[in-house]
Amino acid sequence: MWITRVVSLFLTYILLGCVVAGAGLYWVIATFGQDLPSRDSVINHQPATITRLHAADGTLISEYATKHRLFIPIEAIPNRVQQAFISAEDKAFFEHPGINLIALFKSIPINMSRVLAGRRLVGSSTITQQVAKNFVVGDARALSRKFRELFTALEIEKEISKDDILEIYLNEIYFGQRAYGIAAAALLIFNKSVEELELQEAAYLAAVIKGPENYHPIEDRERAVERRNWVIEQMMENGYVSPEEAEIAKAKPIGAKLGAYRRIIADGAPYFAEEVRKQLVREYGISEVNEGGLSVRTSVDLELQAIADDVLRKGLLNYDRRHGYRGALAQLDMSLPNWQDNVPALLEAVERPKGCEGWSMAAVLDVGARSAIVALEDGSQARIRLEDSLWAGEAREKGKVGPEPDAMSDVLQPGDAIMVELADELAGDRRLAYLRQKPEVNGGLIAMSPHTGRVLAMSGGWSFADSEWNRAVQAKRQPGSTIKPFVFLAALDQGFSPRSQILDSPVVYEQPDGTIWRPGNYDGRFLGQQPMRVGLEKSRNLMTVRLASAVGMDTVTTYAKRFGIGDGFKPYLSSALGATEATLLDMTTAYAMLANGGRQIVPTFVDRVQDRKGKTLFRHDQRPCSNCAADQWNNQTMPVLLDDRVQMADPVSIFQIQSMLRGVVERGTGRNTVGKVVARPVAGKTGTTNQYQDAWFVGFTPDLVVGTYIGFDIPRTLGRGEGGGSAAAPMFSEFINRALENTPAQDFRIPRGIVLTGVDPATGMIAEGTDGVLGDVLMEATRSDREFEQTYTDESGYITTERDGSTAGAKIF
């Protein structure tokens, strides 16, 4: 009888236990199994990933990220790398349903005691549970969150494959060294791609995630090696590597190359990279740029970029040296005893000018007649010679400079804190140094392909470290005479020719607002009646104004807008002389359309943008090409790309402008600094604004356009004589010579409708009885579709033509 009671009681307790357990399980499920992450959030999970900028040749030039993570698909991760992580973190990964029950039950008593003691729970998480942590919010140490992670792990296993889970895991985990994900860790720690990792390197990466702060490859080398070797042993036990492979791998050092990856990022295009970043933010938003993992192929050519930076800095330095020395950075306290022996400490207190990389700060110790002795920041000494410092006369107002120094004491005094550039040679018993000062003037340079609009190089100032203000794309300044070719182009399209006669004499105009305007020429002289070509070659303001008046400023304004320089361009005659505003990018793009035969282009710094999966989001070249995507070569005909660019002006008129701009550098305002320096066909135009505040030169060969600009950020005079020909054009010439040094010279392409006719360049009259080879004869570009016109300004003040004598312009007052 009692046995029945015991059995009954026992069954009752079992039933009651089941009920309690069932109720408990129901409560757990009801409490923690609801509001789990959605299926879409798991499948479409995209961790924050680095956006990377590459040069045109693929060189990495910049990265943007909140977390240094590179996404890599599971297919690109070698099996051995995957096996290292599975061995270290979850050897039963491919067998369990998301939870390893054996490991879980083993950890229960341990974790119960740790909960009672208020200590952190020990881990028994599977890889799936670690992935689940990315989708569950709450205190990472709380028991409630652990339950939610369990349920989330089970759901994840239902929704996605093991490979997908492992892909998320390997792209999410933190490795230390600011590296998130296996791809970033391989680069930052070993300077390798994931597929290049060796066994011992993969094992270290699998080992370090347990505690990156505890397994630093250098500071905690012994612990790091011990943990790595444990991972290798686990791989051996799991059959992933042989005992021989394991022993060889364990005997190798970790071999970390911390910092090596940072050094491979080219830093020679900061203005370019920042402009691209700004454009990406405008197009895709800041979060997508910093977290979206975009891959951006820019148009920058790093070789041309290095030339551009060097040429601009040299041009700014040359201008600065022409205008004298502004004095020392500071005067050191010479009242201190033995101050000469404490120069390094004294120099530390002097603010170092930004953007003077490659120069050293120095203190003047002794000054003689022919040289000065200076102490450098490291305590060593150098000598500055007078013969190298003759430029350092006193800098005065309005760009003026004092007399050339007769002795070093005219320039330097003991105790002066200065900047020097060290040479590799000696000056007597000390190293030679050159006196330097950071220029106050600034400028920009842009190089562009005229056929595609791809910006190949851009330098926006003396130093990005000193100022991020990009003078190539942000600074709107008066372009001066660089605007004139578009006035002349409008006239050519209206029937004028390069030999049309225009009067160069005083003129007075009434402006639309009722004011009287009296323009003048740069040199104050008047040449009388001249061929239209001379007006552009010699940059004659009065001829340009008369021509603009004849064509009509509404027409000129239309052409300015058509070529992208019409923002703020008002239909006033003064605008024809550059009294408007434009950026260097605007002007370079406009000249690119003159160089390419008059076809419209859109400037671009970016060739292509792809998302983290490789999908193309943007491509600059939109030309259709149905046969370009062939899988293989089967002797098919080459694809033909159609040129669908809009024609902006008559190609014949464009070539005539090219010819006239060649005259600028061969006979005109660019002759001394471009024509005599560049030994290949080149065209361009100088630009100088009132009071010499801005100096420009924009020019081109048939396949390269270069724009240069120099001026003060807060406008003031550059000094008398510092026009486009002397201040900006030398930069253009040096860039062209260096950029095209190893390329054959190309002549400008002649369109149909052009006939070359021998003329007298001084009068524009046809040179009778000559073949254009001997004597001073210019082969003028004339139209073949109509009689050769001779337009001129007669004494009554009207512009007429010989063909029919009709009025073609405005009354001259």
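The shown structure was predicted, so the numbers you read here are calculated from the model rather than taken from an experiment.

Definitions and limits used
- Residues numbered from 1 in each chain as written.
- Predicted model: local features only at pLDDT ≥ 70, side-chain atom pairs only at ≥ 80, totals over all residues.
- Heavy atoms only, no water.
- Core = buried A, V, L, I, M, F, W, Y, C linked by side-chain atoms within 4.5 Å.
- Buried < 20%, exposed > 50% of the residue type's maximum accessible area, 1.4 Å probe, protein only.
- Helix = DSSP H or I, 4+ residues; strand = E, 2+ residues; numbered from the N terminus.
- Salt bridge = Lys/Arg side-chain N within 4 Å of Asp/Glu carboxyl O.
- Pairing = 2+ DSSP bridges.
- Axes fitted to C-alpha atoms, helices over the stretch in contact; angles between N-to-C directions.
- Contact = heavy atoms within 4.5 Å.
- 1 Å grid on protein atoms, 1.4 Å probe; cavity = no way out; pocket = protein on both sides within 12 Å on 5 of 7 lines; lining within 4 Å.
- Points joined across faces, edges and corners; volume = space filled by probe spheres on them.
- pLDDT = per-residue confidence, 0-100.

1. Examining the nonpolar core
In terms of nonpolar packing, the biggest core is built from 84 residues, with Phe563 and Leu594 touching the most fellow members. Ranked by residues supplied to this core, first place goes to helix 21 (residues 584–595) with nine residues. In terms of nonpolar packing, the next biggest core, distinct from the first, is built from 55 residues, Ile156, Ala185, Ala203 and Ala207 among them.

2. Quick notes on the pattern of salt bridges
When charged atoms on two side chains of opposite charge get close, those side chains can pair. Taken as a whole and judged by the stated rule, the model has 43 salt bridges. Between aspartate 694 and arginine 477 there is a salt bridge, with the nearest N and O atoms lying 3.0 Å from each other. One end of the pair, aspartate 694, is in strand 22 (residues 694–701); the other, arginine 477, is in the loop between strand 14 (455–459) and helix 17 (484–493), with 217 residues separating them in the sequence. We classify arginine 477 as buried; its relative accessible area is 9%. One salt bridge connects arginine 599 with aspartate 643, and the closest N-O pair in it is separated by 3.2 Å. Of the two residues, arginine 599 sits in the loop between helix 21 and strand 19 (606–610) while aspartate 643 sits in the loop between strand 20 (616–619) and helix 22 (651–666), which places them 44 residues apart along the sequence.

3. Regarding the sheet that holds strand 14
Pairing is antiparallel across the open sheet formed by five strands, whose spatial order is 14-13-23-22-21. Single-partner strands in this sheet number two, and they are strand 14 and strand 21 (683–688). On average, each strand axis in the sheet is inclined to that of its neighbour by 5 degrees, with strand direction left out of account. Taken together, the eight bridges between strand 22 and strand 23 (residues 704–711) define a ladder with antiparallel strand orientation. Note on strand 23: the bridge partner recorded for alanine 695 is isoleucine 710. Here helix 24 (residues 724–739) sits on the sheet and contacts strand 13 (442–448), strand 21, strand 22 and strand 23; the angle it forms with strand 23, its principal contact strand, is near 145 degrees.

4. Observations regarding the side chain of glutamate 167
By secondary structure assignment, the location of glutamate 167 is in helix 7 (residues 162–172). Those residues within four positions of glutamate 167 in sequence are excluded, and the remaining contacts are Phe71, Ile72, Pro73, Ile74, Glu75 and Lys613.

5. A closer look at the environment of serine 295
With respect to the helices, strands and loops of the structure, serine 295 is situated in strand 6 (residues 295–298). When its relative accessible area of 26% is taken as the criterion, serine 295 is described as partly exposed. Put simply, serine 295 and arginine 608 are 313 residues apart on the chain and 8.2 Å apart in space, counted from C-alpha to C-alpha. Excluding its chain neighbours within four sequence positions, the residues that come into contact with serine 295 are Arg52, His54, Arg608, Val609 and Gln610.

6. Focus: empty space enclosed by the protein
Counted according to the given criterion, the structure contains two cavities of 30 Å³ or more. By volume, the second largest cavity amounts to about 40 Å³. Lining the second largest cavity we find Leu317, Asp320, Arg321, Trp391, Leu435, Arg436 and Gln437. Counting only elements with at least two residues in the lining of the second largest cavity, the list comes to helix 15 (302–322) and strand 12 (430–436).

7. A closer look at the confidence of the model for the protein chain
This prediction gives the protein chain a mean pLDDT of 86; 85% of its residues lie at or above 70. Here residues 787–813 scores under 50 on pLDDT; set against residues more than four positions off or in separate chains, the count is 63 contacts.

8. A word on the environment of asparagine 596
By the secondary structure assignment, asparagine 596 is in the loop between helix 21 and strand 19. Residue class for asparagine 596 comes out buried when judged on its relative accessible area of 6%. Residues asparagine 596 and isoleucine 654, 58 residues apart in the sequence, show an inter-C-alpha distance of 8.8 Å. In contact with asparagine 596, other than residues within four places in its own chain, are Pro450, His451, Ile601 and Arg645.

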